[in-house]
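Examining the three-dimensional arrangement
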Amino acid sequence: MSRIEWTEPDRPNAPVQYARWHSESDAPAPRRIVLADDRMKADTAHRLACEGTALLWRGDFHGARQLLTALGRRVDRKAPAPAATPAESFHRHRRARGHRARVLGMLLVRLDGDHALGLRRAPDVRAACREAYGPPDGPMVVSLRELLGVIGAHEWRVKGVHVPALEARIHPHYGVFSPVRGEYVDLVARAPLPAAVAQEAPRPRTAFDIGTGTGVLAAVLARRGVDRVVATDISPRALACARGTVERLGLGGRVEVVDTELFPAGRASLVVCNPPWLPARPTSAVEQGVYDPGGAMLHGFLAGLAAHLEPDGEGWLVLSDLAEHLELRSREQLLADFDAAGLRVVDRLDIAPRHPRAADATDPLHAARAAEVTSLWRLAPR
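Attention in this report is confined to the structure presented alongside it. These figures come from a predicted structure and were not determined experimentally.

**Description of the sheet that holds strand β3 (residues 32-36)**
Taken in spatial order, the six strands make up an open sheet running β1-β2-β6-β5-β4-β3, and their pairing is mixed. In this open sheet, the two strands that pair with only one neighbour each are β1 (3-6) and β3. Averaged over all neighbouring strand pairs, the angle between strand axes comes to 40°, with direction disregarded. Sheet analysis places strand β4 (residues 53-57) next to strand β5 (residues 107-111), joined by two bridges and oriented parallel. By the bridge assignment, L55 is partnered in β5 with L107. Of the strands in this sheet, β5 and β6 (140-143) are in contact with helix α5 (residues 144-159), which crosses β6 at around 90°.

**Quick look at the packing of helix α2 (residues 61-76) against α5**
For the pair α2 and α5, interaxial distance at closest approach is 11 Å and the crossing angle is 110°. It follows from the interaxial angle that α2 and α5 lie roughly perpendicular. Facing α2, whose interface residues are F61, A64, R65 and L68, α5 presents L144, R145 and L148. Looking at the contact of α2 with α5 residue by residue, the class counts come to five nonpolar, no polar and two charged.

**Regarding the sheet that holds strand β14 (residues 343-351)**
Strand order in the open sheet formed by seven strands is β11-β10-β9-β12-β13-β15-β14, and the pairing between neighbours is mixed. Where the open sheet ends on each side, the last strands, each with one partner, are β11 (255-259) and β14. Sheet twist, expressed as the mean angle between neighbouring strand axes with direction ignored, is 20°. Bridging between strand β9 (residues 206-210) and strand β12 (residues 268-273) involves four bridges; their strand directions are parallel. Looking at the pairing, A207 lines up with L270 of β12. Relative to β11, helix α9 (residues 236-248) is tilted by about 170°, and along the sheet it contacts β10 (228-233) and β11. Across the face of the sheet, helix α12 (residues 331-340) comes into contact with β13 (309-320), β14 and β15 (374-381) while running at roughly 25° to β15.

**Some points on the packing of aromatic side chains**
Under the counting rule described, the total for this entry stands at three aromatic pairs. Taken together, a centroid distance of 5.3 Å and an interplanar angle of 70° make the contact between F338 and W377 edge-to-face. Placement of the pair is F338 in helix α12 and W377 in strand β15, with a sequence separation of 39 residues. On the basis of relative accessibility, which here comes to 2%, the residue F338 falls in the buried class. One Lys or Arg, R3, reaches over the ring of Y18 and ends 4.2 Å from the middle of that ring. Across from the ring centre of W377, 5.2 Å away, lies the NZ or CZ of R348, which sits over that ring.

**Describing unusual backbone geometry**
The phi torsion of most residues other than glycine is negative, and most of the peptide bonds are trans. Of note in this structure, D26 is not a glycine but carries a positive phi near 60°. Within the secondary structure layout, D26 lies in the loop between β2 (17-21) and β3. Look at L262: it is not a glycine, yet its phi comes out positive at around 60°. Note that L262 resides in the loop between β11 and β12. We classify L262 as partly exposed; its relative accessible area is 21%.

**Side note on the pairing of β2**
Every other side chain in a regular strand lies on the same face of the sheet, so the side chains alternate between the two faces. Pairing of β1 with β2, which is carried by four bridges, proceeds in the antiparallel orientation. Bridging from a neighbouring strand, W6 pairs with Q17 of β2. Sheet analysis places β2 next to β6, joined by two bridges and oriented parallel. The residue of β6 that forms the bridge with R20 is M140.

**Focus on helix α6 (residues 183-190)**
Every buried residue of α6 is accounted for by E183, Y184, V185, L187 and V188. Each element contacted by the buried residues of α6 is listed here: β7 (161-163), α8 (216-223), β12, β13, β14 and β15.

Cut-offs used in this document
Residues numbered from 1 in each chain as written. Predicted model: local features only at pLDDT ≥ 70, side-chain atom pairs only at ≥ 80, totals over all residues. Heavy atoms only, no water. Pairing = 2+ DSSP bridges. Helix = DSSP H or I, 4+ residues; strand = E, 2+ residues; numbered from the N terminus. Axes fitted to C-alpha atoms, helices over the stretch in contact; angles between N-to-C directions. Contact = heavy atoms within 4.5 Å. Parallel < 35°, antiparallel > 145°, perpendicular 65-115°, else oblique. Nonpolar A, V, L, I, M, F, W, Y, C, P; charged D, E, K, R; others polar. Phe/Tyr/Trp six-rings, centres within 6.5 Å; stacked < 30°, edge-to-face > 60°. Buried < 20%, exposed > 50% of the residue type's maximum accessible area, 1.4 Å probe, protein only. Lys NZ or Arg CZ within 6 Å of the ring centre and 35° of its normal.

Okay, structure coming up:
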């Protein structure tokens, strides 16, 4: 367990203070820490943070948020230089985002032993922290940027995300990819079911939802009439979230949530997977729903699909082509991966993105985002 230590400059004879260090992105504990409050200038804070000195905030909560915003403005003044290729633009963008996260992550706050935030005008963050971090285990220091993400996730969990395909709200947990981009849900809701699922069968029709996350796709399949859905994941947060989703929707008797990597035991008439879309390293728990180093989950799904399909069954791969526009993966590579896995394409359904970033011309990756298409590939063994 990492911990950080600091001294109180106004109390020279006071013992060294310490608290447990926590970072959802596995950032190392800072080696140098100074205390900061509302008297600290933003330029000074920016210089210290860039040098690797963390600022443990002791002032007003709203003052800390203002300083974080000011730090962000200073970091953003130095935009990445134009690149010759989309791939290089992407890598420069990721490096810039990583630098931004490191600098902003240097502004720290201390949570008390009960997860309370003891700053002036601070909100009650105890419920949000229990959801994200679990039961309190003594004082803890986290970055303010991370804590604001925890608070935001708690608000989304309470409010929920409306999913038109279910005519219901999904309540995502912290660190679980939220279905705010509904295109992939709509594809699964309207794709024609394979004959092995659509026709009346003497035995229960089974589907697998690989990497279920919130459980939204498993719920859609159950609502479409699939008798039994096995939803898999390895993230404890995702498993808890998915179980809560199916119970809240009254689908607990038809959807089983299983802790396993990729496929459960047995075969199914329909196997659905919405893997991370970009073959790159995630820098936080939330990014694991978007970034996957080397496309490991995609390749694992394709390699094992044929062995887990019933005769006349289908695998549904839901995948954005953003990686293709960024030159991180080619369409030829994807089709070759299908072929190597012994799969053929039955059909493909496409949908254009509706999220605001697709129309944001100031986004450094705007050209790729504007051209993005999300597809549902209907695959079957050759």
